[in-house]
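Each chain, written out:
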Amino acid sequence: MRENLKRWLYQAMGFQNELARNQRIEPISKATKPNKTEPNAAGDPKDSKPDMSLCADVKYISWLKEHPSALSSFQEMISAAKGKRIVVFLDYDGTLSPIVNDPDSAFMSDLMRSAVRQVARLYPTAIISGRSRQKVYGFVKLDEVFYAGSHGMDIMGPATQASSYDGKYQSKALDKKGNELTVFQPAQDFLPSIEKMLNELEETTSEINGALVEDNRFCISVHYRHVLQEDFGLLEKKVQAVVAKYPGFHLTRGKKVIEIRPSIKWNKGDALLYLLETLGFANSSDVLPIYIGDDRTDEDAFKVLKSTGQGYPIIVSSNPRETLASYSLPDPSQVLSFLIRLARWGDPSSV
């Protein structure tokens, strides 16, 4: 039964060795060896216990029925793209790079960078991250894509002459090649408070070993991946005490991180809509957005795609979880496979 379930899991995942030349896709979970238990006097195994890995596999298979692999569903998905303009949106951490212990070491591979570059040359492409825009650019190092940092509160997008968005928060900028771009920062008014809060948080958390305060321009991240469990409660209280002095802010949670964000109606879903409009696809029925992300904050973008009935929200997760995504990929290695396949579909000679 175990081996049958494993085979069903791999089939559901579309386990097809989809990576580029010489790139091998690893299975989501290594097949585990059967538990070896010594028989008792009656010949029955001792201490017979439920196989938790098998239970997890069953739950994941069930979840995949609702959120099938974007790789195994690629042909079905792409058939809807005929006659439409594909636009690609990507999260960074956990999507283009693995989640790592040191936030400053979340480097993307050269192969991933090459795949993103090829995709961006074929389709308008944007990276929407909780990191600061400058920090994400420092990791990605590509001028072919647009960047939205601070959960979409700091966007460098295409030049636009007219927009339905408040011109107060828009300005012009030039990229390294001299091309005009538009910078949109709807949380500009909060910057003075963010700078004060950043200093307070750095000071008050300095006595807690492992705590790391990250300046993400329009939001602040307090990482606790290296904080002892017994110290987490104290860290949380200290962060809450600082934020309580700034009524225009609120806390959100991520993977081993507490984030402080301005309380404005703006998130990754709004950033997606802004970029679609500035790219010329506002209220267009000829656009097919693809959004790939792994974080809770990406659910805001998934919600937008669901509400419009256009495009494909794809979650990056190897564990069953609540999501508005229609499709899934287990990890960044299969995100890479998907991007390579998307580039090859658009231009077979591109990769």
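Calculation criteria
- Residues numbered from 1 in each chain as written.
- Predicted model: local features only at pLDDT ≥ 70, side-chain atom pairs only at ≥ 80, totals over all residues.
- Heavy atoms only, no water.
- Helix = DSSP H or I, 4+ residues; strand = E, 2+ residues; numbered from the N terminus.
- Buried < 20%, exposed > 50% of the residue type's maximum accessible area, 1.4 Å probe, protein only.
- Contact = heavy atoms within 4.5 Å.
- Areas by Shrake-Rupley, 256 points an atom, 1.4 Å probe, with all protein chains shown as cover.
- Polar contact = N/O pair within 3.5 Å; in protein donor to acceptor, adjacent residues only side chain to side chain.
- Pairing = 2+ DSSP bridges.
- Axes fitted to C-alpha atoms, helices over the stretch in contact; angles between N-to-C directions.
- Salt bridge = Lys/Arg side-chain N within 4 Å of Asp/Glu carboxyl O.
- 1 Å grid on protein atoms, 1.4 Å probe; cavity = no way out; pocket = protein on both sides within 12 Å on 5 of 7 lines; lining within 4 Å.
- Points joined across faces, edges and corners; volume = space filled by probe spheres on them.
- Domains from an automatic or database assignment.
- Core = buried A, V, L, I, M, F, W, Y, C linked by side-chain atoms within 4.5 Å.

### Examining the overall build of the chain
Working step 1: Scanning the chain from terminus to terminus reveals 10 helices and 13 strands.
Working step 2: Within the chain, buried positions represent 50% of all 351 residues.
Working step 3: In the chain, the share of contacts with a sequence separation of at least 24, taken over all contacts with a separation of at least 6, comes to 62%.
Working step 4: Taken as a whole, the chain presents about 17300 Å² of accessible surface, with 50% of it coming from carbon and sulfur.

### Topic: the environment of lysine 268
Working step 1: Structurally, lysine 268 is set in helix α8 (residues 268-278).
Working step 2: Accessibility expressed as a relative area gives 2% for lysine 268, which makes it buried.
Working step 3: If we ignore the near neighbours within four places in the chain, the residues touching lysine 268 are Asp91, Ile128, Ser129, Gly130, His151, Tyr291, Thr297, Asp298, Asp300 and Ala301.
Working step 4: At 3.3 Å, the side chain of lysine 268 forms a polar contact with the side chain of aspartate 91.

### Focus on helix α9 (residues 299-308)
Working step 1: Taken together, the buried positions of α9 are occupied by Glu299, Ala301, Phe302, Val304 and Leu305.
Working step 2: Summarising the contacts, the buried residues of α9 are in contact with α8, β11 (287-293) and β12 (312-316).

### Things to note about the sheet that holds strand β7 (residues 212-215)
Working step 1: One open sheet accounts for four strands, arranged β7-β8-β10-β9; its pairing is antiparallel. One side of each edge strand has no neighbouring strand; the edge strands of this open sheet are β7 and β9 (249-254). Mean inter-strand twist for the sheet, computed between neighbouring axes without regard to direction, equals 20°.
Working step 2: Here four bridges tie strand β8 (residues 220-223) to strand β10 (residues 257-262), and the two strands are oriented antiparallel to one another. Along β10, the bridge assignment pairs isoleucine 220 with isoleucine 260.
Working step 3: Running at roughly 150° to β9, helix α7 (residues 229-243) makes contact with β8, β9 and β10 of the sheet.

### Re the pattern of salt bridges
Any two side chains of opposite charge can pair, so long as their charged atoms come close to each other.
Working step 1: Tallied over the entire structure, the rule returns 15 salt bridges.
Working step 2: Between arginine 113 and aspartate 110 there is a salt bridge, with its nearest N and O atoms 3.1 Å apart. Remark: aspartate 110 and arginine 113 occur in helix α4 (residues 110-122); sequence separation between them is three residues, near one turn of the helix.
Working step 3: Take aspartate 110: its relative accessible area is 62%, and that puts it in the exposed class.
Working step 4: Arginine 131 is the salt-bridge partner of glutamate 214, the closest N and O atoms lying 3.1 Å from each other. One end of the pair, glutamate 214, is in strand β7; the other, arginine 131, is in the loop between β2 (125-128) and α5 (133-140), with 83 residues separating them in the sequence.
Working step 5: Taking relative accessible area as the criterion, glutamate 214 reaches 5% and is therefore assigned buried.
Working step 6: Given the relative accessible area of 6%, arginine 131 is considered buried.

### A short note on the layout of surface pockets
Working step 1: When its volume is computed, the largest pocket comes out at roughly 470 Å³.
Working step 2: If you trace the largest pocket, you find 31 residues lining it, with Asp93, Arg131, His223, Lys255 and Val257 closest to the centre.
Working step 3: Two domains each provide a minimum of three residues to the lining of the largest pocket, namely domain 1 (84-158 + 266-346) and domain 2 (189-262).
Working step 4: For the second largest pocket, the calculated volume is near 300 Å³.
Working step 5: Along the walls of the second largest pocket sit 14 residues, with Tyr137, Asp143, Met156, Asp175 and Leu181 positioned nearest its centre.
Working step 6: Among the secondary structure elements, those contributing two or more residues to the lining of the second largest pocket are α5 and β3 (146-149).

### Points about the sheet that holds strand β13 (residues 327-329)
Working step 1: The strand order β5-β6-β4-β3-β2-β1-β11-β12-β13 describes an open sheet built from nine strands, whose pairing is mixed. The sheet is open, and its two edges are formed by β5 (170-174) and β13, each paired on a single side. Between one strand and the next, the sheet's axes are offset by a mean angle of 25°, whatever the strand orientation.
Working step 2: In terms of strand pairing, strand β4 (residues 154-158) meets strand β6 (residues 180-184) through four bridges, oriented antiparallel. Pairing of isoleucine 155 across the sheet is with phenylalanine 184, part of β6.
Working step 3: With respect to the sheet, α8 is in contact with β1 (85-90), β2, β3, β4, β5, β6 and β11, its orientation differing from that of β4 by roughly 20°.

### Quick look at the side chain of aspartate 294
Working step 1: Locating aspartate 294 in the fold gives a position in the loop between β11 and α9.
Working step 2: When its relative accessible area of 2% is taken as the criterion, aspartate 294 is described as buried.
Working step 3: A polar contact of 2.4 Å, which involves the side chain of aspartate 294, links it to the side chain of lysine 255.

### Quick notes on the nonpolar core
Working step 1: Core analysis: the biggest nonpolar cluster contains 55 residues, and Phe89, Met197 and Ile260 have the highest contact counts within it.
Working step 2: The two domains that each donate at least three residues to this core are domain 1 (84-158 + 266-346) and domain 2 (189-262).
Working step 3: Apart from the residues lying within four places of it in its own chain, the contact partners of isoleucine 260 are Met197, Leu201, Cys219, Ile220, Val222, Val239, Val243, Phe249, His250 and Leu251.

Without other data, these values stay purely geometric and don't point to any function.
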